[in-house]
Amino acid sequence: MNSTFEQRLNTGNIGERLVKEWLGDVGYRIYSPENDGSHWCDIFAHDQLKQTLVACEVKNKDRMNLYNATGISLKTLREYQNLEETHNLNVLLFFVDAFLKKIYYAPLKELMEDYECDGKKYPNYKIARNIVLFPIDKMETIKILTDEEVMEIKESRLN
């Protein structure tokens, strides 16, 4: 593995750990891939009554500099939409943001609904090339990161 891939993997593991802690705290049972490397989905989780199964994707990325938004690649968006349609699953997108010092999330289906924020229309396909942007205002904050967690994330991005 090259160092860039290992760096992203390590940073991803930190974010996934924090999201798993939150999912467990709110009553979900958690399943995640055991193999190293890239995988189809970061986390699968179901509620205590086993009535709701969700696919959770964790993105370790800070908000955009000029917009109160974050996003994913168009290719990744299509993969998540295919996952939802093919397997009748809800995909939850989690963003671990060291700049804002918080983790926020929303169901993909909600993020794909038309929304206007700060004079911009979302989901937005025009601001960043090959990226679809979502407004952070439409996402729920689930955790405020401690200074230690922010430092751990930032250090993992440098190593």
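Residues numbered from 1 in each chain as written. Predicted model: local features only at pLDDT ≥ 70, side-chain atom pairs only at ≥ 80, totals over all residues. Heavy atoms only, no water.

A. Quick look at the overall build of the chain. In terms of helices and strands, the chain carries four helices and ten strands. Going from the N terminus to the C terminus, the chain shows its helices and strands as α-β-β-β-β-α-β-β-α-β-β-β-β-α. Based on the C-alpha atoms only, the size of the chain along its principal axes is roughly 40 × 40 × 30 Å. With 159 residues in all, the chain has 42% of them scored as buried. A sequence separation of at least 24 residues applies to 58% of the contacts in the chain between residues at least 6 apart. (Helix = DSSP H or I, 4+ residues; strand = E, 2+ residues; numbered from the N terminus. Buried < 20%, exposed > 50% of the residue type's maximum accessible area, 1.4 Å probe, protein only. Contact = heavy atoms within 4.5 Å.)

B. Layout of the sheet that holds strand 2 (residues 43–46). Across the sheet, six strands lie side by side as 1-2-3-5-6-10; this open sheet has mixed pairing. Both edges of this open sheet fall to strand 1 (29–31) and strand 10 (140–144), since each of them pairs with a single strand only. Averaged over all adjacent pairs, the angle separating strand axes in this sheet is 25 degrees, with direction ignored. Two elements, strand 1 and strand 2, share three bridges in a ladder whose sense is antiparallel. Among the inter-strand pairings, Ile 30 is bridged to a residue of strand 2, identified as Ala 45. Docked against the sheet, helix 2 (residues 74–87) engages strand 3 (53–60) and strand 5 (90–97), running at close to 145 degrees with respect to strand 5. (Pairing = 2+ DSSP bridges. Axes fitted to C-alpha atoms, helices over the stretch in contact; angles between N-to-C directions.)

C. Layout of unusual backbone geometry. Residue Pro 123 follows Tyr 122 across a cis peptide bond; omega there is -5 degrees. In this fold, Pro 123 is placed in the loop between strand 8 (120–122) and strand 9 (131–135). In this structure, Asp 118 takes a positive phi of about 50 degrees despite not being glycine. Tracing the backbone through its elements, the reader meets Asp 118 in the loop between strand 7 (115–117) and strand 8. Positive phi outside glycine occurs at Asn 130, with the angle close to 65 degrees. Here Asn 130 falls in the partly exposed class, since its relative accessible area comes to 47%.

D. Here's a closer look at the nonpolar core. Residues Val 19, Leu 23, Cys 56, Phe 94, Ile 103, Leu 145 and Ile 153 are the most contacted members of the largest nonpolar core, which totals 20 residues. Those elements that provide at least two residues to this core are helix 1 (3–25), strand 2, strand 3, strand 5, strand 6 (102–107) and helix 4 (147–158). Among the elements that make up this core, the one with the highest residue count is helix 1 (five residues). Apart from residues no more than four positions distant in its own chain, Leu 145 is found in contact with Leu 18, Val 96, Asp 97, Ala 98, Lys 101, Lys 102, Ile 103, Val 150 and Ile 153. One finds Leu 77, Tyr 80, Leu 89 and Leu 108 within the second-largest nonpolar core, a separate group that totals 18 residues. (Core = buried A, V, L, I, M, F, W, Y, C linked by side-chain atoms within 4.5 Å.)

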